[in-house]
Amino acid sequence: MTLPNRSKIEAKGVSVFYGDNQAIRDVSLNIDQDRVTAFIGPSGCGKSTFLRTLNRMNDTIAGARVEGEIRLDGDDIYASGMDVVELRARVGMVFQKPNPFPKSIYENVAYGARIHGLARSREALDAVVEQALTRAGLWNEVKDRLKDSGTALSGGQQQRLCIARAIAVDPEVILMDEPCSALDPIATARIEELIHELRGRYAIAIVTHNMQQAARVSQVTAFFHMGQLVEHGDTAQLFTSPREERTKDYITGRYG
Amino acid sequence: MSAPTLLLLILGLALIGWLAARTRAAAFATRPGQRSPALPGHHATFVALCTLAPALLFVALWTTISPALVTDRVLASPAAAQLPPSGFERASILSEARSLSDHGLGAAFHPLAARLAPAYDEAQGHYDALAAGIALLLAFGSGAAAWLRVRPGLRARRHVERGVMALLLAASLIAILTTAGIFLSLVLESWRFFQLVPVGDFLTGTHWSPQVIDPADPGGTLGAVPLFWGTFFIGAVIATAVAVPLGLMSAIYLTQYAAPRTRRWVKPVIEVLAGVPTVVYGYFAALTVAPAVRQLGVAIGIESASSESALAAGLVMGMMIIPFVSSIADDSLAAVPAGMRDGSLAVGATLSETVTRVIVPAALPGVVGGILLAVSRAIGETMIVVMAASGIATLTLNPFAPATTVTKQIVDLLTGEAEFDSAKTLAAFALGLTLFLITLLLNIIALGVVKRYREAYE
Ligand SMILES: Nc1ncnc2c1ncn2[C@@H]1O[C@H](COP(=O)(O)OP(=O)(O)O)[C@@H](O)[C@H]1O
Ligand SMILES: [Mg+2]
């Protein structure tokens, strides 16, 4: 199956510093609209850091500094005119550890929609919540207990709730930072399935330390090592015939 | 023999026991490489503890019963025959004689006291010598018995461990028992009060003027409702209205907005406020805030504004409890997992939206617990109200009107001149008991709330 590889996000010469520490060195990488991009690499290599530059979550870390250029649909997201609130609504994020709010399932999903004024009426909000939960594959499991606390769900359900929370503000891109690392194999399979279903509707970038997962869910894989982007390209090709020695060492389990 | 000498002697015996046991244990110390159930040091400590514990326990018990024994012996002396049969005078002569004997003073107010003093000297000396003898015998006897038990097979390490545990347990029991004792004495005095004044009159009466107690109906002017209202109004309404917003907002600033460097020095500074002696707040309330509040009242047309207003005392009390609110709110806000904040920011909420919609609600139980602790602190606070609040008990909603509190009235009742068992004085204990129960309840609720909340985020 071939898909057009239209770039949704274009990063050029991106470097990230935590104080004097450089965590990302001169990375250039595109996130395609219709293909899932996986970031792999040993832990501490800067995958999360790079992912967080894409919706400016690094702004919330004291001392973090980003250099280079990142464009979303051609607009520089670090330009002074860019509204971070608007940006994060367009580029949603799912975290390593499920982090539902200690509110009801309904309120968790409605949260972003309320903030951005997406629904004028109660019915409209109900519709937003139902659609988001349906897309996140959670609706059937929770439709009878929307008032229960989001924190009372199982880990896998919590993570899908967080995906629904991100979807509810109608984003264009979804960033996922090791979304399955706290989940059991069955919940993990459910999320991977979900990523397949969401592909095409949203541009997706996913960080994973699990190479099989990268191979299963992504079409493009980027291999990071010590803050650098060593190589990236078609997933199947990267895993079968890596161009770089370091990539080969990593995927054959020589280190990691 | 004086008490310090006796203690030194007992300690000396313990030291001798320690050395002797160590020497004895060293003699059978195991060959290198062989594990032994106890080292010479354990044997030594075991013997020292066995020397100390029975003697010290005996001394402690003895000090509680010896005054009664001494008095009995004095009363049996011939000079005591001339004492008045009973009552206040008899007690005062006896107590004067005792202090004459204790302090070795020559001049006596009451001639009989001077004659009784030698009897006291004699009785005290008699029992002191007896006690010293028994204590030393106990120390020596049990130390020697322990020393004889020092053998390779003695599990001295375990005995020492138990001894240490018993010591620690005793230390914590003393704290608990003291509190229980205070509580018990409050209950007993209150009991006496409630025999003079019906509980109902006290708890529901709205007229409080202890200066004019009608012996036929003491409850008529001992209605505590205005006091509890004043306490609640100053401590829970006005002070909380000051402390909660300021404390909560400073905690929000420090945990969510401030750079780590700012937080590092601002947080300790706020906590230092908690260490300001309350009497300093009292000055500030009486000399600065109260006149200013009165002027303000007059300026906005309240001619009757008092210089001992509820507002002045409440404002300063609010300042005083800010650190309690902010420090617990700070802990609770900081305990909200960072992931929640990230989750909210990541859907595009601003930091202030995140704080008001996610972080504060998540931290709410802890914050509420902190507020309750601060309120219980405020209603028990005394110095500020003694200096700045009024002595007049009024039932009013007007913050410019004078108001009084339970603590202030307790001080007034007990520093006035009255016999110890009059309704007026006893009322202080009933007030104290009620206040104690209220703050106890508040603390239990607050700590329960805070604890459950902590568990929620473990
Ligand atoms: N908040 C932070 N402050 C300072 N250094 C950080 C912070 N987060 C990450 N780093 C550093 O940046 C580097 C990359 O971290 P990260 O992006 O989390 O790696 P990965 O997600 O690939 O495991 C690491 O050396 C890490 O120590
Ligand atoms: Mg990471």
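Here the structure is a predicted model, which is why all the values come from computation and not from measurement.

Thoughts on the interface of chain A and chain B
Accessible area lost when the parts come together is the quantity often used to give the size of an interface. Listed by partner, the interface residues are 23 residues for chain A and 19 residues for chain B. For the pair chain A and chain B, the two sides together bury roughly 1,500 Å², of which 64% comes from carbon and sulfur. There are 1 salt bridge connecting chain A and chain B. When the shortest N-O distance is used, the salt bridge between arginine 52 of chain A and aspartate 342 of chain B registers 4.0 Å. Taken together, the connections running from chain A to chain B amount to 4 residue pairs in polar contact (both at pLDDT 80 or more). Residues of the side of chain A that touches chain B, tallied by class, amount to 13 nonpolar, 5 polar and 5 charged.

Some points on empty space enclosed by the protein
Residues and elements named next belong to chain B. Evaluated as defined, the whole model comprises 2 cavities of 30 Å³ or more. Here the largest cavity is characterised by a volume of approximately 50 Å³. As for the largest cavity, its lining consists of Ser250, Leu254, Lys267, Ile270, Glu271, Ser326, Ser327 and Asp330. When residues of the lining of the largest cavity are traced back to their parent elements, those giving at least two are helix 7 (225-257), helix 8 (260-273) and helix 10 (310-335).

Regarding helix 7 of chain B
Spanning 33 residues, helix 7 of chain B covers 44 Å between terminal C-alpha atoms, matching the ideal 48 Å at 1.5 Å per step. The largest bend in helix 7 of chain B amounts to roughly 50 degrees and is located at threonine 240 of chain B.

Some words on the packing of helix 3 (residues 105-115) of chain A against helix 4 (residues 122-135) of chain A
The relative placement of two packed helices is expressed as an angle between their axes plus a distance between the axes. All names here are of chain A. Remark: helix 3 packs on helix 4, axes separated minimally by 9 Å, with the N-to-C direction vectors making an angle of 110 degrees. Taken together, helix 3 and helix 4 sit at an angle that is classed as roughly perpendicular. The residues of helix 4 that touch helix 3, namely those facing Ile105, Tyr106, Val109, Ala110, Ala113 and Arg114, are Arg122, Leu125, Asp126, Val128, Val129, Ala132 and Leu133. Here the residues of the contact of helix 3 with helix 4 are counted per class, giving 10 nonpolar, no polar and 3 charged.

So, the site of ligand 1
Residues and elements named next belong to chain A. Lining the immediate surroundings of ligand 1 are Tyr18, Ala23, Ser43, Gly44, Cys45, Gly46, Lys47, Ser48, Thr49 and Ile61. Within the backbone of cysteine 45, one N or O atom sits 3.3 Å away from an oxygen atom of ligand 1. Here an oxygen atom of ligand 1 and a backbone polar atom of lysine 47 are 2.9 Å apart. About the coverage of ligand 1: the protein hides 58% of its 560 Å² of free accessible area. Ranked by residue count, the leading element in the shell around ligand 1 is helix 1 (residues 47-53), at 3 residues. Classifying every residue of the shell around ligand 1 by side-chain character gives 4 nonpolar, 5 polar and 1 charged.

Scoring rules and cut-offs
Residues numbered from 1 in each chain as written. Chains lettered and ligands numbered in written order. Predicted model: local features only at pLDDT ≥ 70, side-chain atom pairs only at ≥ 80, totals over all residues. Heavy atoms only, no water. Contact = heavy atoms within 4.5 Å. Buried area = accessible area lost by both parts, 1.4 Å probe. Salt bridge = Lys/Arg side-chain N within 4 Å of Asp/Glu carboxyl O. Polar contact = N/O pair within 3.5 Å; in protein donor to acceptor, adjacent residues only side chain to side chain. Nonpolar A, V, L, I, M, F, W, Y, C, P; charged D, E, K, R; others polar. 1 Å grid on protein atoms, 1.4 Å probe; cavity = no way out; pocket = protein on both sides within 12 Å on 5 of 7 lines; lining within 4 Å. Points joined across faces, edges and corners; volume = space filled by probe spheres on them. Helix = DSSP H or I, 4+ residues; strand = E, 2+ residues; numbered from the N terminus. Expected span 1.5 Å × (residues − 1). Bend = angle between axes of the 7 residues up to and from the residue. Axes fitted to C-alpha atoms, helices over the stretch in contact; angles between N-to-C directions. Parallel < 35°, antiparallel > 145°, perpendicular 65-115°, else oblique. Near = heavy atom within 4 Å. Areas by Shrake-Rupley, 256 points an atom, 1.4 Å probe, with all protein chains shown as cover.

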